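# Analysis of the macromolecular model
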Amino acid sequence: MLVAGLWVPIYGAQVGTGGLYGPSVFLPDKFGWGGALIITLSALTAFYFFVAWIEFRKKKVGKK
């Protein structure tokens, strides 16, 4: 809650406006429904394996 109040002083724009926000992109318009599905599932799978790898490393370090 404390950090959320710093958005305007740091970024100088109201939330939802400014240079951090670009135009919205609807993936099926850009890549078709099959491509959008593949991109989305690939991103979710990569994130899952990244989190699983971090948990594996924590367990491995804890056993030493």
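Above this note sits the structure.
Every value quoted in this text rests on a predicted model; they were computed, and no experiment measured them. (Residues numbered from 1 in each chain as written. Predicted model: local features only at pLDDT ≥ 70, side-chain atom pairs only at ≥ 80, totals over all residues. Heavy atoms only, no water.)

The residue Pro28 is located in helix α2 (residues 27-62) in this model. Those residues within four positions of Pro28 in sequence are excluded, and the remaining contacts are Trp33 and Ala36. (Helix = DSSP H or I, 4+ residues; strand = E, 2+ residues; numbered from the N terminus. Contact = heavy atoms within 4.5 Å.)

In a regular helix each residue adds 1.5 Å, so 36 residues correspond to 52 Å; α2 covers only 41 Å between its end C-alpha atoms and thus falls short of that length. Trp33 marks the point of greatest bend in α2, at about 95°. (Expected span 1.5 Å × (residues − 1). Bend = angle between axes of the 7 residues up to and from the residue.)

On to a nonpolar patch on the surface, then. A cluster of nonpolar residues, Leu2, Val3, Leu6, Ile10 and Tyr11, forms a patch on the protein surface that exposes about 600 Å² of accessible area. With respect to the secondary-structure elements, Ile10 resides in helix α1 (residues 7-11). (Patch = residues over 30% accessible without salt bridge, like charges linked within 9 Å, V, L, I, M, F, W, Y side chains within 5 Å. Areas by Shrake-Rupley, 256 points an atom, 1.4 Å probe, with all protein chains shown as cover. Salt bridge = Lys/Arg side-chain N within 4 Å of Asp/Glu carboxyl O.)

This brings us to the packing of aromatic side chains. Taken as a whole and judged by the stated rule, the model has three aromatic pairs. Judged by centre distance (5.5 Å) and plane angle (70°), the ring pair of Tyr48 and Phe49 falls under edge-to-face. For Arg57, the ring lying beneath its charged end belongs to Trp53, and the centroid distance is 4.9 Å. (Phe/Tyr/Trp six-rings, centres within 6.5 Å; stacked < 30°, edge-to-face > 60°. Lys NZ or Arg CZ within 6 Å of the ring centre and 35° of its normal.)

Let us look at the environment of Phe31. Mapping Phe31 onto the fold places it in helix α2. Note on Phe31: relative accessible area 49%, which makes it partly exposed. Once you skip the residues sitting within four places of it in the chain, Phe31 turns out to touch Ala36 and Ile39. (Buried < 20%, exposed > 50% of the residue type's maximum accessible area, 1.4 Å probe, protein only.)

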